[in-house]
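Okay, here's what each chain looks like letter by letter:
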Amino acid sequence: MLRKEEVIHVYFVPGMAADVSIFEFIRLPEDRFTMHMIPWKIPEKKETMEAYARRMSAAIKHPNSVLVGVSFGGIMVQEMSKYVPLKKVIIISSVKSKHELPARMRFLAKTKAYKLMPTGVVSKIDNWEKLAFGEFAKKRAAMYQKYLSVSDKTYLDWAIEQIVCWNQEQSMEGVVHIHGDKDIVFPIEHIEECITIENGTHVMIINRARWFNTYLPEIIDN
């Protein structure tokens with residue numbers, strides 16, 4: 001058993017608009033790891049990605065910690081890593097540079113069409129199930145309603161812009177990337193050098209939690 005001072009602190013950042021409850025099924029051995037959740041903050045007016053990442057990184061209280069981010073949270077932990085010394089950065093269902101973004105997102109950035117997205121309408125939907133048809137769609141809508149709890153329009157507008165306009169040219173050295181081969185948000189054909197999960201989707205942190213509980217401890221240690 002590790003001594004108390006050797007326990008690794010692991011900080012988790014959820015996907016865009018998601019609550020930290022997306023990690024509710026993740027279990028790491030308590031004798032080796034302590035889990036911490038970092039929820040989203042509402043951006044300040046015209047706040048840059050750099051300034052926001054610095055604010056988020058203030059939540060990291062332990063040296064040599066591990067940062068784990070999902071989707072937009074994966075982009076954010078890479079930015080946060082520029083301000084704190086870390087043991088490791090792990091991204092899930094995310095991208096390591098602007099070149100891994102799908103063409104449709106690069107198009108949105110080039111044309112600034114992302115500014116036309118109806119985030120004000122989305123932020124007011126209080127029952128996603130009413131919009132769904134079919135049993136599978138209703139289950140997926142219920143899942144979105146449960147986990148996508150950050151509905152503030154200021155946040156949504158800001159987050160969408162940060163994703164599609166992310167200007168990172170090269171992958172950061174040492175980032176561990178875990179990606180599903182059925183991810184439709186960030187298709188795997190654009191992704192380089194990742195640990196691939198067969199039949200993994202963009203929400204695999206929820207529905208493939210058993211895989212992460214089995215392999216994440218080893219990934220962190222190695």
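One can find the structure itself at the top, above this paragraph.
Quick caveat, the model's predicted, so the values are computed rather than measured.

**Concerning the side chain of glutamate 100**
Note on placement: glutamate 100 falls in the loop between β4 (86-92) and α3 (103-111). Judged by its relative accessible area of 3%, glutamate 100 is buried. In this structure glutamate 100 touches Val95, His177, His190, Ile191 and Glu192, once residues within four positions along its chain are discounted.

**Details of helix α1 (residues 49-57)**
Turning to α1, its buried residues are Met49, Tyr52, Ala53, Met56 and Ser57. End-on view of α1: buried residues confined to an arc of 135°, all on one side of the axis.

**So, helix α8 (residues 209-221)**
Between the first and last C-alpha of α8 there are 18 Å, a value that for 13 residues agrees with the 18 Å anticipated at 1.5 Å per step. The largest bend in α8 comes to about 40°, at tyrosine 215, with the proline proline 217 one to four residues further on.

**Description of the packing of aromatic side chains**
Describing an aromatic ring pair means giving the distance of the ring centres and the angle of the ring planes. For the structure shown, the criterion picks out 8 aromatic pairs. Taken together, a centroid distance of 5.1 Å and an interplanar angle of 75° make the contact between tryptophan 211 and phenylalanine 212 edge-to-face. The two residues tryptophan 211 and phenylalanine 212 agree in class, both being buried. Members of the aromatic cluster, joined through ring pairs, are Trp40, Tyr52, Phe72, Tyr155 and Trp158.

**Here we look at the nonpolar core**
Across soluble globular proteins, you tend to see nonpolar side chains buried next to one another. Membership of the largest hydrophobic core comes to 36 residues, with the highest contact counts inside it found for Ile38, Trp40, Met56, Phe72, Met76, Met80 and Tyr155. If you list the elements that add at least two residues to this core, you get β1 (8-13), α1, α2 (72-80), β4, α3 and α6 (153-164). The element that contributes the greatest number of residues to this core is α6, accounting for 7 residues. Once residues within four sequence positions are removed from consideration, phenylalanine 72 is found in contact with Gly15, Met16, Trp40, Met49, Tyr155, Trp158, Ala159, Gln162 and Ile163. Membership of the second largest hydrophobic core comes to 27 residues, among which are Ile8, Ile178, Ile206 and Ala209.

**Some points on the pattern of salt bridges**
Oppositely charged side chains may form a pair once their charged atoms are brought near each other. By the definition in use, this model includes 8 salt bridges. The shortest N-O distance in the salt bridge between glutamate 100 and lysine 96 comes to 2.9 Å. Classification of lysine 96 by relative accessible area gives buried; the value is 4%. Of the charged contacts in the structure, one is a salt bridge between lysine 98 and glutamate 169, with a shortest N-O distance of 2.8 Å. Taken together, the residues lysine 98 in the loop between β4 and α3 and glutamate 169 in the loop between α6 and β5 (176-180) connect sequence positions 71 residues apart.

**As for the sheet that holds strand β3 (residues 65-70)**
By way of backbone hydrogen bonds, the strands of a sheet pair with one another, either parallel or antiparallel. Taken together, 6 strands build an open sheet; the order of strands is β2-β1-β3-β4-β5-β6 and the sheet is parallel. The outermost strands of the open sheet, each flanked by one partner alone, are β2 (33-37) and β6 (195-197). Within this sheet the neighbouring strands show an average axis-to-axis angle of 20°, counted without direction. Taken together, the 6 bridges between β3 and β4 define a ladder with parallel strand orientation. For valine 66, the partnering residue across the bridge sits in β4 and is lysine 88. Here α2 sits on the sheet and contacts β1, β3 and β4; the angle it forms with β3, its principal contact strand, is near 145°.

The rules we used
- Residues numbered from 1 in each chain as written.
- Predicted model: local features only at pLDDT ≥ 70, side-chain atom pairs only at ≥ 80, totals over all residues.
- Heavy atoms only, no water.
- Helix = DSSP H or I, 4+ residues; strand = E, 2+ residues; numbered from the N terminus.
- Buried < 20%, exposed > 50% of the residue type's maximum accessible area, 1.4 Å probe, protein only.
- Contact = heavy atoms within 4.5 Å.
- Arc of directions from axis to C-beta.
- Expected span 1.5 Å × (residues − 1).
- Bend = angle between axes of the 7 residues up to and from the residue.
- Phe/Tyr/Trp six-rings, centres within 6.5 Å; stacked < 30°, edge-to-face > 60°.
- Core = buried A, V, L, I, M, F, W, Y, C linked by side-chain atoms within 4.5 Å.
- Salt bridge = Lys/Arg side-chain N within 4 Å of Asp/Glu carboxyl O.
- Pairing = 2+ DSSP bridges.
- Axes fitted to C-alpha atoms, helices over the stretch in contact; angles between N-to-C directions.

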